[in-house]
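Given next are the chains, with one letter for each unit.
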Amino acid sequence: MSHGAGAGAAAGQSVAWCSPVAGGVRLALQVTPNAKKSQVIGPLDDVLKLRLQAQPIEGKANDALIRFLAELLALPRSKISITHGQTSKKKLVELSGPQLTVDAVVHRLLSAMS
């Protein structure tokens, strides 16, 4: 199962909240809805904390999360899926794209911190 899991992370920083998966990258996120604006807060333990300017009702926060990540990472929304935690603050999100690397995703998200 962990076949090839170290590829990509070994080249640069290895972070608990961002890991390579087949065909892309997985993010472990902790999302706080109802914020004044959507922003990256930063790493905390094994997750990356985000604030979203969206209500946690009827999937609005999940939609906002996908839009926010798509904008930050310059990815089509169709390449981003929430695989675990649809109704939880803690979510696993998979980004698909063979060009994605852990280093590039980590750099992009951390450079967006306010």
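A short tour of the structure in this document, coming up. Each residue is numbered by its place in its chain's sequence as written, counting from 1. Thresholds applied to this predicted model are a pLDDT of at least 70 for local features of residues and 80 or more for the giving and counting of side-chain atom pairs; totals over whole chains, interfaces and linings are not thresholded and use all residues. Values shown for side chains rest on all heavy atoms present in the structure; no hydrogens or waters enter the calculation.

### A short note on helix 2 (residues 102-111)
Right, on to step 1. Exposure categories follow from relative accessible area, calculated using a 1.4 Å probe and restricted to protein chains: below 20% of the type maximum is buried, above 50% is exposed, and the middle band is partly exposed. Put simply, DSSP H or I for four residues or longer makes a helix, DSSP E for two residues or longer makes a strand, and each gets a number counted from the N terminus. For helix 2, every residue scored as buried is listed here: Val102, Val105, Val106 and Leu109. Around the axis of helix 2, the buried residues are gathered within 100° of arc, so they sit on the same side. Seen from the buried face of helix 2, the exposed residues on the opposite side, beyond 90 degrees, are His107 and Ser111.
Right, on to step 2. Buried residues belonging to helix 2 abut strand 1 (18-21), strand 2 (24-32), strand 3 (39-44), strand 4 (47-51), helix 1 (60-73) and strand 6 (90-96). Picture the helix axis, draw a direction to every C-beta atom, and the arc is the one those directions span. Throughout, a contact is declared for two residues whenever any of their heavy atoms are within 4.5 Å.

### Digging into the environment of alanine 54
Right, on to step 1. Structurally, the position occupied by alanine 54 is in the loop between strand 4 and helix 1.
Right, on to step 2. A relative accessible area of 13% places alanine 54 in the buried class.
Right, on to step 3. Along the sequence, alanine 54 and alanine 35 sit 19 residues apart, while their C-alpha atoms lie 7.1 Å from each other.
Right, on to step 4. Excluding residues that lie within four positions of it along the chain, alanine 54 makes contacts with Pro33, Asn34, Lys60, Ala61 and Ala64.

### Re the nonpolar core
Right, on to step 1. Residues Leu27, Leu29, Leu65, Leu69, Val93, Leu95 and Val105 are the most contacted members of the largest nonpolar core, which totals 28 residues.
Right, on to step 2. Of all the secondary structure elements, the ones that give two or more residues to this core are strand 2, strand 4, helix 1, strand 5 (80-84), strand 6 and helix 2.
Right, on to step 3. With sequence-adjacent residues up to four places away left out, leucine 65 is seen in contact with Leu29, Val31, Leu50, Leu52, Ile82, Lys91 and Val93. Side-chain atoms within 4.5 Å are what join buried Ala, Val, Leu, Ile, Met, Phe, Trp, Tyr and Cys residues into a set we call a nonpolar core.

### Quick word on unusual backbone geometry
Right, on to step 1. Although it is not a glycine, asparagine 34 sits at a positive phi angle of roughly 65°.
Right, on to step 2. Among the structural elements, asparagine 34 can be located in the loop between strand 2 and strand 3.
Right, on to step 3. Look at asparagine 34 and you get partly exposed, because its relative accessible area is 46%.
Right, on to step 4. Not every positive phi belongs to a glycine, and glutamate 58 is a case in point at roughly 50°.
Right, on to step 5. With respect to the helices, strands and loops of the structure, glutamate 58 is situated in the loop between strand 4 and helix 1.

Just geometry here; none of it tells us what the structure is for.
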